[in-house]
Amino acid sequence: MKNISNRRKDILKVARNLFLTKDYDQATMAEIMDTLKIAKGTIYHYFKSKEALFEAVIADIVEKNIEHMESIIKNSLEDALQKFQLLINAGSISQENEKIVEQLHKPANDALHTRLLAATLMKQAPLYAQVIQQGCEEGIFHTKDPLESAEFILSAVQFLTDTGIYPWKESTLLRRMQAFPRLIEQLLTAPSGSFQFLLEHMQS
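The rules behind the values
Residues numbered from 1 in each chain as written. Predicted model: local features only at pLDDT ≥ 70, side-chain atom pairs only at ≥ 80, totals over all residues. Heavy atoms only, no water. Helix = DSSP H or I, 4+ residues; strand = E, 2+ residues; numbered from the N terminus. Buried < 20%, exposed > 50% of the residue type's maximum accessible area, 1.4 Å probe, protein only. Contact = heavy atoms within 4.5 Å. Areas by Shrake-Rupley, 256 points an atom, 1.4 Å probe, with all protein chains shown as cover. Lys, Arg positive; Asp, Glu negative; His and termini not counted. Charge placed at Lys NZ, Arg CZ, Asp CG, Glu CD. Salt bridge = Lys/Arg side-chain N within 4 Å of Asp/Glu carboxyl O. Phe/Tyr/Trp six-rings, centres within 6.5 Å; stacked < 30°, edge-to-face > 60°. Lys NZ or Arg CZ within 6 Å of the ring centre and 35° of its normal. Polar contact = N/O pair within 3.5 Å; in protein donor to acceptor, adjacent residues only side chain to side chain. Core = buried A, V, L, I, M, F, W, Y, C linked by side-chain atoms within 4.5 Å.

(A) Spotlight on the overall build of the protein. Helix and strand content of the protein: 10 helices and 0 strands. Residues classed as buried in the protein amount to 42% of the 204 residues present. Contacts in the protein between residues at least 24 apart in sequence constitute 63% of all its contacts with a sequence separation of at least 6. Accessible surface computed for the protein: about 11,900 Å², of which carbon and sulfur atoms make up 53%. Of note, the protein has its 23 positive side-chain charges centred 7 Å away from the centre of its 26 negative side-chain charges.

Below is the structure:
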């Protein structure tokens, strides 16, 4: 079982490096087989298609990102607002996986992109809910619905700013980004200006 787990990890690691350097359409399963010196039957035992492998690579990236965010929650001693900033900075997978994220924005990958966003939201929301609950205990936030507030914030920001979902105009994005800090403050009954950092983050 350990060998099976290690083999799968090896395939994912090589595939991730391949998708980071090549477009999805140009990358081949044969390249991964050649790199690992494994037979065709071996790679297809774990992943039935290149699409399934690509989806597994993305799921693995998201899972590692969630583990990093969980570590922040567990080990950080900051107050809720500072911890909120740390989670936001840690929550994006784009920076180190730019080419892979680009592939998700192609029309052919719309369904996969949507599944990824939904799965990511469901895993991130409970982490943000913990921070919101901490903020309520600290007297920074005031809400009886930490998890639902987290789900609402994450889904709204993600959907209304992701140009891979819809080609939003730049003026529309700017209008929304300027409003988000105020709207989140109202939702959480947070002090005025406390989420201004969010605007700076989205514009960076």
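Picking up after the structure, the text goes on.
(B) Looking closely at unusual backbone geometry. The backbone of Lys37 shows a phi angle near 55°, a positive value even though the residue is not glycine. Its location among the elements puts Lys37 in the loop between helix H2 (29-36) and helix H3 (40-46). Positive phi is not limited to glycine here, since Thr189 has a value of about 50°. Along the chain, Thr189 turns up in the loop between helix H9 (170-188) and helix H10 (196-203). Judged by relative accessible area, Thr189 falls into the partly exposed class, the value being 45%.

(C) Layout of the pattern of salt bridges. Inspection of the entire model under this criterion finds 5 salt bridges. In this structure, Arg115 engages Glu55 in a salt bridge whose closest nitrogen and oxygen atoms are separated by 2.9 Å. Taken as a pair, Arg115 in helix H7 (residues 110-138) and Glu55 in helix H4 (residues 50-75) lie far apart in primary sequence, 60 residues in all. Taking the relative accessible area as the measure of exposure, Arg115 reaches 41% and is therefore partly exposed.

(D) Representation of the packing of aromatic side chains within the structure. All chains considered together, the criterion is met by 10 aromatic pairs. Ring centres 6.3 Å apart and planes at 85° place the aromatic pair Phe84 and Phe141 in the edge-to-face group. Taken together, the residues span a long stretch of sequence, with Phe84 in helix H5 (residues 80-90) and Phe141 in the loop between H7 and helix H8 (146-161) at a distance of 57 residues. Among the aromatic residues, those joined into a ring-pair cluster are Phe84, Tyr128, Phe141, Phe195 and Phe197. In this arrangement the basic side chain of Lys50 is found over the ring face of Tyr24, its NZ or CZ atom lying 4.4 Å from the centre. Directly above the aromatic system of Trp168 lies the positively charged group of Arg176, at a separation of 4.1 Å from the ring centroid.

(E) The environment of Asp60, seen in detail. Note that Asp60 resides in helix H4. Between the alpha carbons of Asp60 and Thr114 there is a distance of 16 Å; along the sequence they are 54 residues apart. A distance of 2.9 Å separates polar atoms of two side chains, one belonging to Asp60 and the other to Lys64.

(F) The side chain of Arg176, seen in detail. Tracing the chain through its elements places Arg176 in helix H9. Although Arg176 lies buried, it forms no salt bridge, and the closest oppositely charged side chain, Asp162, sits 11 Å away as judged by the N-O distance. Here Arg176 is in contact with Leu160 and Trp168, once residues within four sequence places are set aside.

(G) Representation of the nonpolar core within the structure. Counting 62 residues, the largest nonpolar core has Phe19, Leu53, Phe84, Phe141 and Phe195 as the members making the most contacts within it. Among the elements that line this core, the one with the most residues is H4, at 11 residues. Setting aside anything within four residues of it in sequence, one finds Phe84 in contact with Tyr128, Val131, Ile132, Phe141, Phe195 and Phe197.

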